[in-house]
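Here's the letter readout for the chains.
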Amino acid sequence: MVFPDGFVWGAATAAYQIEGAAAEDGRGASIWDTFSKVPGNVADGHTGDVACDHYHRYAEDVRLMDGLGLAAYRFSVAWPRILPTGAGQVNAAGLDFYDRLVDELLAHGITPYPTLYHWDLPQALEDAGGWAVRDTAARFADFAAVVHERLGDRVGTWTTLNEPWVAAFLGYCSGVHAPGRRDPAAAFRAAHHLLLGHGLAARALRAAGAAEVALTLNLAPVVQTDDGHEEAARVDALMNRQFLDPALRGRYPEEVLEIAARHGGLDHIRDGDLAVIQQPIDLLGINYYNPSFVSAAPGEPANPAFPGTEGIRFEPPTGPTTAMDWPIEPSGLETLLVRLSRDYPEVGLLVTENGAAFDDHLTDGVDGDVARDRVHDDDRIGYLDGHLRAAHAAISAGADLRGYLVWSLLDNFEWAYGYHKRFGIVYIDFETQRRVPKDSALWYRDVIKRNGLMG
Ligand code: NCW
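Heads up: these notes are all about the structure in this document. Only a predicted model underlies this, so the values are computations on that prediction, with no experimental measurement involved. Every chain begins its residue count from 1, and numbering advances along the sequence as written. Note on the predicted model: pLDDT of at least 70 is required for a residue's local features to be given, and 80 or more for side-chain atom pairs to be given and counted; whole-chain, interface and lining totals, by contrast, use all residues. Water and hydrogen atoms were dropped before computing side-chain values, which therefore reflect all heavy atoms in the structure.

Thoughts on the side chain of R435
We count it as follows: Put simply, DSSP H or I for four residues or longer makes a helix, DSSP E for two residues or longer makes a strand, and each gets a number counted from the N terminus. The buried label applies to any residue whose accessible area, calculated with a 1.4 Å probe on protein chains only, is under 20% of its type's maximum; exposed applies above 50%, and partly exposed to all values in between. Residues adjacent in sequence count toward polar contacts only when both atoms are side-chain atoms; beyond that, a polar contact is any pair of N or O atoms within 3.5 Å, and within protein one must be able to donate a hydrogen and the other to accept it. Any two residues whose heavy atoms approach within 4.5 Å at even a single point are treated as in contact.
With respect to the element layout, R435 can be found in strand 17 (residues 434–437). On the basis of relative accessible area, R435 is assigned to the buried category, the value being 9%. A polar side-chain atom of R435 sits 2.9 Å from the main-chain carbonyl oxygen of Q433. Those residues in contact with R435 that sit more than four places away from it in its chain are C52, D53, H54, R57, E60, D61, L64, L410, V426, Y427 and I428.

In structure tokens form, the structure reads like this:
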């Protein structure tokens, strides 16, 4: 099963999840520094203070990527390293780090794919209202321009946001992510200002000469398990179309307007905003993990992350799951890619994240005469294999899928779960910072080498 020529194979990470060095070289505080230090917010009080120490070990990590044959590496730029208070004075030492990283990647023939926002808002901006206020969108565009000015000569593809649904609704509505607010009205405002920030940043990047601009969304087919369809349509509007339609069609779904109107109103949406949000983009980044299953359930309260879902039951998984308890359903990726290429044919598609957490363990092994620890993660290989087959099927059905990036290169700080959930294809021993490529990494290296799967 061979993929098209030039198909981009890679892996992804995010700044707060891997970098550590939280107080070094002038980095300011982010909302995740603050949030993770409040007891009860993150499992066992874990924080990103050290994480994978990638800030100091980036060269070793790039060598690892090279060894696996990666063509692309998606990372995020920590806003508080560049602008410690979110705006104003630029911290040159912060830019220097990404400069070194990009040079190191290019020296190994790996294309850098930076994402400008993967959830680490400068705390100073949260103190001024965070994404719930309009000004944050303008500050984000300024930040994008600063980073482009430094890296634009070597970076072609710029992604503005990672998963704005998660930033808005887990951050401002259910409160399980930073900044930990539980205010549905603030979440709808945050979603709009994230989108506005995307549009303003996309415009600034384009004006500065960026070759390609992308937006990454967490997307999932919503499957209704009873005879109805209205409940699935409502959840689909909230999770998927709330972001797809403004960015690619310049309008909000009716269901979202109706629900947001009941949760704080629509005053934050000003004339002209949707035209700014609907900037032409080259690539839509897709983070796919699993479908959502829902059914009608009169009397059911709204899901804490989905205002307006009264009377809808989010079904627990019935089949196999990952360590996150997320269902394993590769066909959902094919369904999603085919739908996106049908509904939004003008934009290229890139899987910017797909992967799975499992309970991995180091085992003693030998390679010839040399002791070599291994991680036998056949379950992850099965997950990735199934999803790559689904991606291939979508391409055969006509989807314009340009590449696939595994989440994640390294085990890392999995947000509210701390270091307990391991998504990496490379194992991290967090005591010693030793990196051990798992069996899935070696398998992925072979997939990349043959540009496809056996059989
Ligand atoms: S938590 C999450 N993730 C994981 C994270 O490590 C990464 O930074 C994210 O981009 C793995 O990939 C993303 N996504 C949140 C998905 C929550 C979906 C909740 C749906 C409720 C029905």
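Considerations on the site of the ligand
What counts is decided by this rule: Nearness is defined per residue: one heavy atom within 4 Å of the molecule or strand is enough. In these tables, accessible area is a Shrake-Rupley quantity obtained with a 1.4 Å probe, and a residue counts as shielded only by the protein chains included in the view. Each residue receives one of three labels: charged for Asp, Glu, Lys and Arg, nonpolar for Ala, Val, Leu, Ile, Met, Phe, Trp, Tyr, Cys and Pro, and polar for the others, Gly being one of them.
The immediate surroundings of the ligand are formed by 15 residues, with Q17, H118, Y289, E353 and E414 found nearest. In this structure, an oxygen atom belonging to the ligand sits 2.8 Å away from a side-chain N or O atom of Y289. The protein chains hide 83% of the 540 Å² of surface that the ligand would expose on its own. Within the shell around the ligand, the residues separate by chemical class into eight nonpolar, four polar and three charged.

Looking at helix 14 (residues 378–396)
What counts is decided by this rule: Expected helix span is given by 1.5 Å per residue-to-residue step, counting one fewer step than there are residues.
Compared with the 27 Å implied by 1.5 Å per residue over 19 residues, the 27 Å span of helix 14 between its first and last C-alpha is a close match. Those residues of helix 14 that fall on the buried side of the exposure criterion are R380, I381, Y383, L384, G386, H387, L388, A390, A391, H392, A394 and I395. Those residues of helix 14 that are buried lie in contact with strand 1 (8–12), helix 13 (331–343), strand 15 (401–407) and helix 15 (439–450). Positive phi shows up at G398, right after helix 14, with a value of about 110°.

Considering the sheet that holds strand 6 (residues 222–224)
Two orientations exist for strands paired in a sheet by backbone hydrogen bonds: parallel and antiparallel. Put simply, the rule is: DSSP-based pairing: two strands are paired if at least 2 bridges between them are found. What counts as an axis is a line fitted to C-alpha atoms, over the stretch in contact for a helix, and the angles between N-to-C directions run from 0 to 180 degrees.
Read across the open sheet, the three strands follow the order 6-8-9; overall the sheet is mixed. A single partner strand is all that each edge strand has here, and the edge strands are strand 6 and strand 9 (312–314). Taken pair by pair, the neighbouring strands of this sheet meet at an average axis angle of 35°, ignoring direction. Both strand 6 and strand 8 (residues 292–296) contribute to a ladder of three bridges, which runs parallel. Residue pairing across strands places V223 opposite F293, the latter belonging to strand 8.

So, the pairing of strand 8
Sheet analysis places strand 8 next to strand 9, joined by three bridges and oriented antiparallel. Its bridge partner lying in strand 9, A296 is registered against I312.

Purely geometric numbers; function is a separate question.
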